[in-house]
Amino acid sequence: MILVTGGAGYIGGVTAELLLNRGEGVVILDNLSRGHRLGLLNKVPFYQGDIGDRALVKRITSEHQIEACIHFAALAYVGESVSDPAHYFRNNVEQGIALLDSLREAGVNFLVFSSTCATYGEPQKVPISESHPQHPTNPYGWTKLFMERIMESYDHAYDLKFVALRYFNACGAAGDLGEDHDPETHLVPNVLKAAQGKLTHVSVFGNEYATPDGTAIRDYIHVSDLADAHIRALNHLRSGGQSERINLGNGHGYSVLEVIETARHVTGKAIEVKFEPPRAGDPTRLVADASYAKAVLGWQPQYGELAQILKTDWDWRLNHPEGS
Ligand SMILES: NC(=O)c1ccc[n+]([C@@H]2O[C@H](COP(=O)([O-])OP(=O)(O)OC[C@H]3O[C@@H](n4cnc5c(N)ncnc54)[C@H](O)[C@@H]3O)[C@@H](O)[C@H]2O)c1
């Protein structure tokens, strides 16, 4: 059985579904602080609680033969982490350590971890490879980098084998699962909410960056491609692979205005834009060098085109007007 923490959330939910479709056993642990009571939770053993609740994790590992953990559960709003860092360090790091210890006590030595391109901070060189220096510009990024370093020490001392997957911008929908956060801070869902008429406009933060149209450039990766990479990472560990840190992105950068223009084309809707001042700590350009994921995991994204990715989210919104 695979323990999926944060399986009631966006990326965890899509990955848990894919695991089930590939014949894997799944147990979900989520405190529902941010996730949803997805239909998925009726299909698998679901435990509502904190990853830092040692008694609960002990119960899960005694009730199920847990072979590995895919650990998505975390708080993930950059702005919130700046205004309330204590909450982020407690939830993501303090509870994260408790989870690692509970797994260790239960003899679970394989972990796939949701890390982020936010661990790199302001890039010195683009595209960003895994050897790029890591110096986050916000507490959220630090929580993920701390967890990477803690897992490295646990590998050295206790033989924990892990794969830290550093995602760039996750987006798109898979089946009944789409991106539905509250509040929503990500660009793609907000652009499509504006197309739906749920938002009056899209706020664009900064139009004087050193890019061709002045707006920031990001690498967008479909959630199903992320899910597939997690299962590949799991299989890498199962076959005796070493601990790894791996970027997951498409390797193409799109500016904010390019995303909006593509969304206008995909949806056929007018989308109004309002320019606002840039947000502190928002880098100009974040684009992955994802060649290592291909080399180590044999991973190749299936959704390479932004329009294709946006269409999956748009179709999901049309079929699920109330969200997840
Ligand atoms: N969405 C992105 O673009 C992106 C990019 C890089 C990294 N990540 C990371 O991927 C992971 C999943 O992101 P997401 O967008 O699916 O987020 P999400 O908020 O949709 O899902 C996270 C889930 O974790 C649960 N959770 C949080 N803290 C918990 C705790 N202490 N105990 C138990 N459950 C807890 C929440 O209830 C939620 O269901 C996160 O770790 C995030 O940092 C996301």
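Given the structure is predicted, the values throughout are model-derived calculations rather than measurements. (Residues numbered from 1 in each chain as written. Predicted model: local features only at pLDDT ≥ 70, side-chain atom pairs only at ≥ 80, totals over all residues. Heavy atoms only, no water.)

(A) The overall build of the protein chain, seen in detail. If you tally the helices and strands in the protein chain, you get 10 helices and 14 strands. For a compact globule of 324 residues, the expected C-alpha radius of gyration is about 20 Å, and the protein chain comes in at 19 Å, within 12% of that figure. Overall, the protein chain is about 55 × 40 × 40 Å in size when its C-alpha atoms are taken along their principal axes. Excluding contacts between residues fewer than 6 apart, the proportion of contacts in the protein chain whose partners are at least 24 apart in sequence is 76%. A gap of 1 Å separates the mean positions of the 28 positive and 39 negative side-chain charges of the protein chain. (Helix = DSSP H or I, 4+ residues; strand = E, 2+ residues; numbered from the N terminus. Rg over C-alpha atoms; globule rule 2.2 N^0.38 Å. Contact = heavy atoms within 4.5 Å. Lys, Arg positive; Asp, Glu negative; His and termini not counted. Charge placed at Lys NZ, Arg CZ, Asp CG, Glu CD.)

(B) Seen up close, the pattern of salt bridges. Here the structure, examined in full by the defined rule, presents 20 salt bridges. When the shortest N-O distance is used, the salt bridge between Glu94 and Arg90 registers 3.9 Å. Of this pair, Glu94 and Arg90 both sit in helix H4 (residues 85-105), 4 residues apart, which is roughly one turn of the helix. Classification of Arg90 as exposed rests on a relative accessible area of 51%. The salt bridge involving Asp313 is made with Arg317; its shortest N-O contact spans 2.5 Å. With a gap of 4 residues between them, Asp313 and Arg317 both fall in helix H10 (residues 306-319), about one helical turn apart. With a relative accessible area of 0%, Asp313 lands in the buried category. Salt bridges sharing partners connect three or more residues here, namely Arg22, Asp228 and Arg232. (Salt bridge = Lys/Arg side-chain N within 4 Å of Asp/Glu carboxyl O. Buried < 20%, exposed > 50% of the residue type's maximum accessible area, 1.4 Å probe, protein only.)

(C) A look at the nonpolar core. Counting 62 residues, the largest nonpolar core has Ile28, Leu165 and Leu248 as its most contacted members. Contact partners of Leu248, with chain neighbours within four places excluded, come to Leu165, Arg166, Tyr167, Phe168, Ile221, Leu226, Ala229, Ala293 and Trp299. Ile51, Leu103, Phe113 and Met147 belong to the second largest nonpolar core, which has 25 residues in total. (Core = buried A, V, L, I, M, F, W, Y, C linked by side-chain atoms within 4.5 Å.)

(D) Spotlight on the site of the ligand. Near the ligand, the surroundings consist of 30 residues, among which Ile11, Asp30, Phe72, Tyr140 and Lys144 are the closest. With respect to the ligand, the backbone of Tyr10 contributes an N or O atom lying 2.9 Å from an oxygen atom. Phe72 places a polar main-chain atom, nitrogen or oxygen, 2.7 Å from an oxygen atom of the ligand. Protein contact buries 95% of the 830 Å² of open area that the ligand shows by itself. At the level of secondary structure, the elements contributing two or more residues to the shell around the ligand comprise helix H1 (10-21), H4, strand E5 (110-116) and helix H5 (139-158). The leading source of residues in the shell around the ligand is E5, at 3 residues. The residue makeup of the shell around the ligand, split by class, is 13 nonpolar, 13 polar and 4 charged. (Near = heavy atom within 4 Å. Polar contact = N/O pair within 3.5 Å; in protein donor to acceptor, adjacent residues only side chain to side chain. Areas by Shrake-Rupley, 256 points an atom, 1.4 Å probe, with all protein chains shown as cover. Nonpolar A, V, L, I, M, F, W, Y, C, P; charged D, E, K, R; others polar.)

(E) Just the packing of aromatic side chains, in detail. With the rule as written, the count across this model stands at 3 aromatic pairs. Between Trp142 and Phe146, the ring centres sit 5.8 Å apart and the planes meet at 40°, which makes this aromatic pair tilted. Here the residue Trp142 and the residue Phe146 both occupy positions in helix H5, the gap between them amounting to 4 residues, near one helical turn. The exposure class assigned to Trp142 is partly exposed, which follows from its relative accessible area of 26%. When the centroid spacing of 4.9 Å and the interplanar angle of 90° are considered together, the rings of Tyr154 and Tyr158 count as edge-to-face. Note that Tyr154 and Tyr158 are positioned in helix H5 at a spacing of 4 residues, about one turn of the helix. Take Tyr154: its relative accessible area is 13%, and that puts it in the buried class. (Phe/Tyr/Trp six-rings, centres within 6.5 Å; stacked < 30°, edge-to-face > 60°.)

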